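# Structure at a glance
Okay, here's what each chain looks like letter by letter:
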Amino acid sequence: MNINSLFSLQGRSALITGGSRGIGRMIAEGYLAAGARVYISARKAEACDQTAKELSALGHCVSLPADVSTREGIEALVAAYSKHEDRLDILVNNAGAAWGAPYDEFPESGWDKVVNLNMKTPFFLTQALTPLLRKAAGGDHLAKVINIASIDGISVNMWDTYSYSASKAGVIHLTKRMAMHLIKERIVVSAIAPGPFASEMNKEARDHADEVAQYTPAGRIGKPEDMAGAAIYLASNAGDFVVGSTVIVDGGVTYTR
């Protein structure tokens with residue numbers, strides 16, 4: 001057994017939505033370190049371009065700005081990626097949105113925006129990229145799709161984030177359903193459920209890390225290496241037999257809520 005090749009992403013291509021910051025950037029850095037050619041997408045072009053420029057010091061990183069919350073945006077991203085690569089080894093569906101409002105005031109718009117981006121986009125973007133994933137899966141390794149869920153889709157948090165929690169639970173089950181179909185084509189679908197990592201989506205962990213660490217069994221918030229390690233594992237040959245499962249990366253928070 002060659003441990004280096006087991007976790008290597010050398011020569012593989014990866015597309016990461018929401019890759020300009022937070023969880024997406026952590027994964028992008030890990031993939032570059034593991035040898036992949038990385039393409040990051042984000043709605044804000046300037047931020048996406050800047051992150052790609054910074055990460056290019058680590059390897060091949062290209063910015064492909066797009067709004068993947070719409071079918072038109074998905075088609076534009078697929079077209080932009082296809083100008084660079086004729087196949088796709090790894091897709092990370094990370095772009096997401098959250099919404100919080102008191103129960104009696106929670107608006108329909110807070111459902112539509114969150115569910116469309118968090119649940120519909122991973123399905124339709126994967127669907128649109130499946131021909132390129134099939135081409136990659138026809139080689140000497142499997143193609144991978146990794147959906148970024150959340151521990152809020154597994155256990156109940158203390159905030160009024162009704163649509164977010166429901167959407168992330170939906171992503172976890174969608175991962176299972178997609179996995180059962182796509183494994184027949186040598187495309188492995190799995191998911192990661194992050195816990196307390198510093199990001200725009202988790203301002204509490206970002207702005208109050210010491211306080212959050214107190215109720216995290218591991219005694220700290222997540223580090224970029226924690227997220228990168230899980231994502232490399234699933235994307236590499238090491239994760240080939242993890243089909244439809246969601247890996248919880250949260251320092252134990254899920255089991256103490």
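A brief look at the structure comes next. Please read these numbers as outputs of a predicted model, since none were measured by experiment. (Residues numbered from 1 in each chain as written. Predicted model: local features only at pLDDT ≥ 70, side-chain atom pairs only at ≥ 80, totals over all residues. Heavy atoms only, no water.)

### Structural notes on the packing of aromatic side chains
Note the cut-off: Side-chain rings of Phe, Tyr and Trp (the six-membered ring for Trp) are treated as a pair once their centres are within 6.5 Å; stacked means planes under 30 degrees apart, edge-to-face means over 60, and tilted covers the remaining angles. Strands are runs of DSSP state E lasting at least 2 residues, helices are runs of H or I lasting at least 4, and numbering of each runs from the N terminus. Think of it in three bands: residues with accessible area under 20% of the maximum for their type are buried, residues over 50% are exposed, and the middle band is partly exposed, with areas taken using a 1.4 Å probe on protein chains only.
For the coordinates displayed, the defined rule picks out five aromatic pairs. Ring centres of Y103 and Y162 lie 5.7 Å apart, and the angle between their planes is 70 degrees; this geometry places the pair in the edge-to-face category. Here the residue Y103 occupies a position in the loop between β4 (90-93) and α5 (109-137), and Y162 occupies one in helix α6 (residues 162-182), the gap between them amounting to 59 residues. When its relative accessible area of 64% is taken as the criterion, Y103 is described as exposed. A centroid spacing of 5.1 Å and a plane angle of 90 degrees characterise the contact between F123 and F124, whose relative ring orientation is edge-to-face.

### Details of the packing of α5 against α6
Put simply, the rule is: In this description, a line fitted to the C-alpha atoms serves as the axis of each element, helices being fitted only across the stretch in contact, and the angle between N-to-C directions of two axes falls anywhere from 0 to 180 degrees. Orientation labels follow simple angle bins: below 35 degrees gives roughly parallel, above 145 gives roughly antiparallel, 65 to 115 gives roughly perpendicular, and whatever is left gives oblique. Each crossing is labelled by how the near helix is turned from the far one, with a counterclockwise turn of less than a right angle marking it left-handed and a clockwise turn marking it right-handed. Whether two residues are in contact is decided by their heavy atoms: any pair within 4.5 Å suffices. Charged means Asp, Glu, Lys or Arg here, nonpolar means Ala, Val, Leu, Ile, Met, Phe, Trp, Tyr, Cys or Pro, and polar covers whatever is left, Gly included.
One way to put it is that α5 packs onto α6 with a least axis distance of 8 Å and a crossing angle of 15 degrees. Here α5 is positioned roughly parallel relative to α6, judged by the angle of their axes. When the axes of α5 and α6 are compared, the crossing they make is right-handed. The residues of α6 that touch α5, namely those facing G110, W111, V114, N118, M119, P122, F123, T126 and T130, are Y162, S163, Y164, A166, S167, K168, G170, V171, L174, M178 and L182. Across the contact of α5 with α6, the residue classes tally to twelve nonpolar, seven polar and one charged.

### Examining the nonpolar core
We count it as follows: Think of a nonpolar core as a cluster: buried Ala, Val, Leu, Ile, Met, Phe, Trp, Tyr and Cys residues, connected wherever their side-chain atoms sit within 4.5 Å.
The biggest cluster of nonpolar side chains holds 32 residues, and the ones touching the most others in it are I27, Y31, V38, V92, I146, I192 and M227. Within the residue set of this core, elements represented by two or more residues are β1 (13-17), α2 (22-33), β2 (37-41), α3 (45-55), β4, β5 (143-148) and α9 (224-235). Counting residues in each nonpolar core, the second largest holds 31 residues, with V114, L132, L133 and I187 among its members.

### A look at the pairing of β2
Under the convention used in this document: Any two strands are treated as partners once DSSP identifies two or more bridges connecting them. Clockwise travel from the first strand over the helix to the second, with the strands pointing away from the viewer, marks a crossover as right-handed.
With four of its five residues buried, β2 lies for the most part within the structure. As paired strands, β1 and β2 are joined by five bridges and run parallel to one another. Bridge assignment links L15 to a residue of β2, and that residue is Y39. As a crossover connection, the stretch from β1 through α2 into β2 is right-handed. With three bridges joining them, β2 and strand β3 (residues 61-63) adopt parallel strand pairing.

### Let's talk about the sheet that holds β4
With parallel pairing, the seven strands of this open sheet are ordered in space as β3-β2-β1-β4-β5-β6-β7. The outermost strands of the open sheet, each flanked by one partner alone, are β3 and β7 (246-249). The sheet shows a mean angle of 20 degrees between the axes of neighbouring strands, taken without regard to direction.

### Some words on helix α4 (residues 71-82)
Going by this rule: In a helix, the anticipated span is given by 1.5 Å times the number of residues less one.
Along its twelve residues, α4 runs 17 Å from first to last C-alpha, staying within 8% of the 16 Å computed at 1.5 Å per residue. Against the buried residues of α4 lie β1, β2 and α5.

### Considerations on a nonpolar patch on the surface
What counts, and what does not: Only residues whose relative accessible area exceeds 30% and that take part in no salt bridge are eligible for patches, with like-charged residues grouped when within 9 Å of each other and nonpolar side chains (Val, Leu, Ile, Met, Phe, Trp, Tyr) grouped when within 5 Å. We get accessible surface area from the Shrake-Rupley algorithm with a probe of 1.4 Å; when it comes to residues, only the shown protein chains can shield them. Just to be clear on terms, a salt bridge is a Lys or Arg side-chain nitrogen sitting within 4 Å of an Asp or Glu carboxyl oxygen.
Taken together, the side chains of M1, I3, F7 and Y233 present a nonpolar region at the surface, about 460 Å² in accessible area. Note on placement: M1 falls in the segment before α1 (3-6). The class for M1 is exposed, based on a relative accessible area of 90%.

### Some points on the environment of A191
Note that A191 resides in strand β6 (residues 187-194). Accessibility expressed as a relative area gives 0% for A191, which makes it buried. Between the C-alpha atom of A191 and that of A231, which follows or precedes it by 40 residues, the distance is 9.0 Å. Once residues within four sequence positions are removed from consideration, A191 is found in contact with I146, N147, T175, L234, S245, T246 and V247.

Any link to function would need more than the numbers given here.
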